[in-house]
Amino acid sequence: MPHPCLTCGACCTRYRVAFHWMEADDAVAGGVPAGLTERLDAHRLCMRGTYSEPVRCIALDAEIGVYSRCTIHPQRPSVCREVDASWEHGRASPQCDKARLAHGLPLLGPADWRWRDPAGNDGDRPDDNGNTPPAPRLPPLAA
Ligand code: SF4
Ligand code: SF4
């Protein structure tokens, strides 16, 4: 089973994504691409597309509920890193729940993370997830 966010993207079409200007790459190397932001106020930028309705972050490549990816994932703002998917870390996430509800998607629950449990990673081949890694290489036989 893939990570639920990879078939969702709802939260990237729901909230204003605002953060301090010092997170942008014209202030810090490797920061949020400044060209994808707009000025919100004296201290803050926001991701283009999230300032007004309808909200859709410019960095989002998604069909909500089908596939989703953040095109700047390694450089995404801190606020994006703080949004948990519901029950990924053992508790519900109101931001995730509201966003999924707004798109008519079912709320995530603990069962959506069972694929990460030890039983889903017990080394059987094929494994419980349908994601069978290559067999480990055997050491060469001594001559
Ligand atoms: S709404 Fe929840 S499941 Fe969907 S992308 Fe955001 S955090 Fe992930
Ligand atoms: S920067 Fe990436 S994670 Fe943040 S709202 Fe935009 S697409 Fe979503």
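Definitions and cut-offs
- Every chain is numbered on its own, with residues counted from 1 as its sequence reads.
- Key to labels: chains lettered from A, ligands numbered from 1, both in the order written.
- The predicted nature of this model means local features are confined to residues of pLDDT at least 70 and side-chain atom pairs, given and counted, to a pLDDT of 80 or more, with totals for whole chains, interfaces and linings taken over all residues.
- Every helix listed is a DSSP run of H or I at least four residues long, and every strand listed is a run of E at least two residues long, numbered separately from the N terminus.
- Labels follow a simple rule on C-beta atoms placed from the backbone: if 20 or more others lie within 10 Å of a residue's own, it is buried; if 12 or fewer, it is exposed; otherwise it is partly exposed.
- The criterion for a residue being near a molecule or strand is simple: its C-beta atom, placed using the backbone, must lie within 6 Å of it.
- For this classification, Asp, Glu, Lys and Arg are treated as charged, while Ala, Val, Leu, Ile, Met, Phe, Trp, Tyr, Cys and Pro are nonpolar and the rest, including Gly, are polar.
- Strands pair, by our definition, only if DSSP identifies at least two bridges between them.
- Helix axes are fitted only over the stretch in contact, all axes being lines through C-alpha atoms; the angle between N-to-C directions runs from 0 to 180 degrees.

Per an unreviewed UniProt entry, the recorded name for the protein chain is YkgJ family cysteine cluster protein, and the organism is Luteimonas kalidii.

1. A closer look at the environment of glycine 104
Along the polypeptide, glycine 104 turns up in the segment after helix H2 (94–102). The exposure class assigned to glycine 104 is exposed, which follows from the 9 C-beta atoms found within 10 Å. Remark: the alpha-carbon pair of glycine 104 and alanine 10, spanning 94 residues in sequence, is separated by 9.8 Å.

2. Observations regarding the site of ligand 2
Taken together, Cys12, Val17, Met47, Cys57, Ala59, Leu60, Cys70, Ile72, Arg76, Pro77 and Cys80 make up the full set of residues adjacent to ligand 2. For the shell around ligand 2, the residue count by class is ten nonpolar, no polar and one charged.

3. Observations regarding the pairing of strand S5 (residues 67–70)
Across four bridges, the pairing between strand S4 (residues 60–63) and S5 is antiparallel. For leucine 60, the partnering residue across the bridge sits in S5 and is cysteine 70.

4. Concerning the pairing of strand S3 (residues 44–47)
Where strand S1 (residues 18–20) lies against S3, three bridges are found, and the strand directions are antiparallel. Paired with phenylalanine 19 across the bridge in S3 is leucine 45. Summarising the sheet, strand S2 (residues 37–39) and S3 pair through three bridges and their orientation is antiparallel. The residue bridging arginine 39 from the neighbouring strand is leucine 45, located in S3. If you look at the hairpin formed by S2 and S3, you'll find four residues sitting between the two strands.

5. Quick notes on the site of ligand 1
In the vicinity of ligand 1, the residues found are Pro4, Cys5, Cys8, Gly9, Ala10, Cys11, Val83, Ala85, Cys96, Ala99, Arg100 and Leu108. When grouped by side-chain class, the residues that make up the shell around ligand 1 number ten nonpolar, one polar and one charged.

6. Looking at the sheet that holds S3
Pairing is antiparallel across the open sheet formed by three strands, whose spatial order is S1-S3-S2. Edge positions in the open sheet fall to S1 and S2, since each of these has one partner strand only. Neighbour-to-neighbour, the strand axes of this sheet turn through a mean angle of 40°, independent of strand direction.

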